[in-house]
Amino acid sequence: MLLTEFSVKRPIASSMAVLAICMGGLIGLFHLPVDMMPNSESSQVTIFVGVRGGMPSEDIEKLVTEPIEEAVSTMPGLTEVLSTSRKDRCTVTLFFENSEDVKRAQLDVSERLARIKGKLPKEVDKPIVARYNENDHPVVILSATSSVKTPEIMRTMIERDLKPLLSRVPGVGNVEISGGRQRKILVEFEKAKLEAHKLPILEIIRQIGSNNLSVSSGKMDVGRHAWSIQVDSDFQSLEEMKQMGVTMSKEGSRVRLGDIATVRDYYMEADSHARINNQPSVSIYVQKESGANTIKTAQGVIEVINKYQQTISKDMGIGVSIDQSVAIKQAIHDVREALTEGALLTALILWFFLQRVKQVGVIILSIPVAVLATFFVMTAHAVMMEKQGNPAMFTINVMSLLGVALGIGRMVDDSIVVFENILHRFELAGQGGKAFDKAKVAIAATSEVALPVASSTLILIVIFVPIVFFSEDVRRQFADVAFTVVVALIASLIMAVTLVPLLAARMRIGPEKDGSDQYKWERRFLAWLTRMKAKISGSGSKV
């Protein structure tokens, strides 16, 4: 067999190849996304648009949602559009084909939204385009409480200071705030004064909007630098808003907004309430981007919270109510323990029959190499997906580790068959104290059993072929198990026909010089079984 011959005759190159795969697997083990279950999310982009002051949901659907849907409906690879309109926001979720470049689609969506910016109402905030699903469970839920501050004050602080920090954490797709009432400026017009000055309300509302703007006014070149010019004409205080002129009186004096209306700081009606330990609080829901590492995202959020906690007064505290990464870590830890215990039990059983540490080491080496090779292939696939702008299809989760754990017992089978045949050929070649070339014998012995070993492995691999014909949802759930088992079995087969004969040819594992029987424990075990069979047969005949 060419692969075996190359491995045995070029031990350094073969060893370096195995070492490189193991190193790649170790690197991938610490860099692959970690989650509870396989990534079942389709390629999707979510558009989130907030509406200041709120509007009837019917108006938001007509003035905001429908123009956005028309702008993105002709995008390539788009399969489905799901939109939701509420009184203070609208959400449009775009589903793309799995082969579509999601990062490129996200940029395309942003460009299309920029083109229709002038068609949207002025009350609309800048659209947020992110790769997350609004219906996904938050990875972290935080609760802010205070013995002094009201929920409204805490919400204002969180929206102004904390929310931008959380949004910049790598992997965070969206940050929602619940509890407390949102601040708003309430302008209450006096009907008699409006009629006296013959002022329509809509005209005053238009003037307030035109005076409360922050717009770009171009740029100025100074040497090698280009300075952007931004004109901020938004209101900085209530008093400034009251002093805004709206018209001229008959006497020629300026009529200010404060002369015809009452302007005061107020709060919008509460659409949600949050309490913790029977105390009013403000809840912060953090959702991750599709395909992001849940554990790293949660860790980044916790680090931001710890830093922010040091900048606020001691009467206000922010605690973690729910952290999905804790449950994920525990589940992954349990599966890893089962995987390790399975490998140790396999080694123990092999040692019971072989009674030689070297021989057990050669066979059991297939397990870590095959496992690391599996992670190496998963990492290579993830890198390819990232280059295409898509999230990693395979992650470290309960299902993928379950596939590795299921394959542990089968990973050593090929190595056992190959190694036993090599030992048998060593015994035959060394009869009578003859000298022989271990390399040639190892290559010949491996070639004898290579075909049946490969056939048995391929039969097990074929078992997972029907998964390809399952529905997409089912295929996503079980693809990780099938992928890890198949890759691990292929890796163990390659190790059996390369690494095992290489080590057998280089190590002193031939016939025992002291004449001891290396199969004595197997013979004793078989003899015990024979005696037990005879006793059972004898007792049966007496009856």
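Before reading on, note that the structure itself is shown above.
Residues numbered from 1 in each chain as written. Predicted model: local features only at pLDDT ≥ 70, side-chain atom pairs only at ≥ 80, totals over all residues. Heavy atoms only, no water.

Q: Is there a simple way to explain the overall build of the protein in this structure?
A: Counting secondary structure elements, the protein contains 18 helices and 16 strands. Across the 543 residues that make up the protein, the buried fraction comes to 42%. The contacts of the protein with a sequence gap of at least 6 include a subset with a gap of at least 24, amounting to 77%. Counting every atom, the protein has about 30,300 Å² of accessible surface; 59% of that belongs to carbon and sulfur. (Helix = DSSP H or I, 4+ residues; strand = E, 2+ residues; numbered from the N terminus. Buried < 20%, exposed > 50% of the residue type's maximum accessible area, 1.4 Å probe, protein only. Contact = heavy atoms within 4.5 Å. Areas by Shrake-Rupley, 256 points an atom, 1.4 Å probe, with all protein chains shown as cover.)

Q: What exactly am I supposed to notice about the nonpolar core here?
A: The nonpolar side chains of a soluble globular protein tend to be buried, and buried together. By size, the foremost hydrophobic cluster in this structure holds 53 residues, and its most contacted members are Ile367, Phe375, Met411, Val418, Phe419 and Ile422. The element that contributes the greatest number of residues to this core is helix H17 (residues 472–506), accounting for 10 residues. Setting aside its immediate chain neighbours within four residues, Ile422 contacts Ala442, Ala445, Thr446, Val500, Pro501 and Ala504. Ranked by size, the runner-up nonpolar core spans 24 residues in total, among them Leu142, Met157, Leu162 and Val175. (Core = buried A, V, L, I, M, F, W, Y, C linked by side-chain atoms within 4.5 Å.)

Q: Would you mind going over the sheet that holds strand S16 (residues 316–323) with me for this structure?
A: Strands in a sheet are paired, the pairing made by backbone hydrogen bonds, and the direction either parallel or antiparallel. Strand order in the open sheet made by the 4 strands is S6-S15-S5-S16, with antiparallel pairing throughout. Two strands bound the open sheet, and with one partner strand each, they are strand S6 (172–178) and S16. Across the sheet, the mean angle from the axis of one strand to that of its neighbour is 20°, orientation sign disregarded. (Pairing = 2+ DSSP bridges. Axes fitted to C-alpha atoms, helices over the stretch in contact; angles between N-to-C directions.)

Q: What is the right way to look at the packing of helix H15 (residues 413–429) against helix H16 (residues 438–462) in this model?
A: Relative orientation and spacing of two packed helices are given, respectively, by the angle between their axes and the distance between those axes. Their axes nearest at 8 Å, the elements H15 and H16 cross at an angle of 145°. In this structure, H15 crosses over H16, and the sense of that crossing is right-handed. Here H15 contributes Asp414, Val417, Val418, Asn421, Ile422, Arg425, Phe426 and Ala429 to the contact with H16, which in turn contributes Lys438, Val441, Ala442, Ala445, Thr446, Glu448, Val449, Val453, Ser456 and Thr457. Residues that form the contact of H15 with H16 fall into these classes: 10 nonpolar, 4 polar and 4 charged. (Left-handed = near helix turned anticlockwise from the far one by under 90°. Nonpolar A, V, L, I, M, F, W, Y, C, P; charged D, E, K, R; others polar.)

Q: It is not clear to me how the sheet that holds strand S2 (residues 78–85) should be interpreted in this structure. Could you clarify?
A: The 4 strands lie next to each other as S2-S3-S1-S4, forming an open sheet whose pairing is antiparallel. A strand with exactly one partner marks an edge of an open sheet, and here the two such strands are S2 and strand S4 (128–130). Going across the sheet, the axis of each strand differs from the next one's by a mean of 15°, ignoring polarity. Strand direction decides the pairing type here: strand S1 (residues 44–50) and strand S3 (residues 89–96), joined by 7 bridges, are antiparallel. Within S3, the position partnered with Thr46 by the bridge is Thr93.

Q: Would you explain the environment of Leu503 in this entry?
A: Position of Leu503 relative to the elements: it lies in helix H17. Sequence separation of Leu503 and Phe419 is 84 residues, and the distance between their C-alpha atoms is 9.8 Å.

Q: What is the right way to look at the pattern of salt bridges in this model?
A: Two side chains with opposite charge may pair up if their charged atoms get near one another. Summed over the entire model, instances satisfying the criterion amount to 11 salt bridges. In this structure, Glu176 engages Arg89 in a salt bridge whose closest nitrogen and oxygen atoms are separated by 2.9 Å. You can see Glu176 sitting in strand S6 and its partner Arg89 sitting in strand S3, a full 87 residues away along the chain. On the accessibility criterion, Glu176 (21% relative accessible area) is partly exposed. Two residues, Arg410 and Asp414, come together in a salt bridge whose shortest N-O distance is 3.0 Å. Overall, Arg410 belongs to the buried group, its relative accessible area being 14%. (Salt bridge = Lys/Arg side-chain N within 4 Å of Asp/Glu carboxyl O.)

Q: Sorry, what's going on with the pairing of strand S15 (residues 282–288) here?
A: For a regular strand, side chains alternate in direction, first toward one face of the sheet and then toward the other. The buried fraction of S15 is high, at 6 of 7 residues. Inspection of the sheet shows strand S5 (residues 140–146) paired to S15 by 5 bridges, in the antiparallel sense. By the bridge assignment, Leu142 is partnered in S15 with Ile284.

Q: Got a minute to help me understand the side chain of Asp414 in this structure?
A: Topologically, Asp414 is positioned in helix H15. The buried category is assigned to Asp414, whose relative accessible area is 2%.

Q: Help me understand helix H7 (residues 201–211) in this model?
A: Along an α-helix, a turn takes 3.6 residues, which lines up residues three or four apart on a common side. When H7 is considered as a whole, its buried residues turn out to be Ile204, Gln207 and Ile208. End-on, the buried residues of H7 take up no more than an arc of 100°, which puts them together on one face. (Arc of directions from axis to C-beta.)

Q: What exactly am I supposed to notice about the environment of Ile363 here?
A: Mapped onto the secondary structure, Ile363 falls in helix H12 (residues 357–364). For the pair Ile363 and Ile416, spaced 53 residues apart in sequence, the C-alpha to C-alpha distance is 6.3 Å. Residues in contact with Ile363, not counting those within four places in the same chain, are Leu350, Leu354, Val412, Ser415, Ile416 and Phe419.

No statement about biological role is implied by the geometric values presented.
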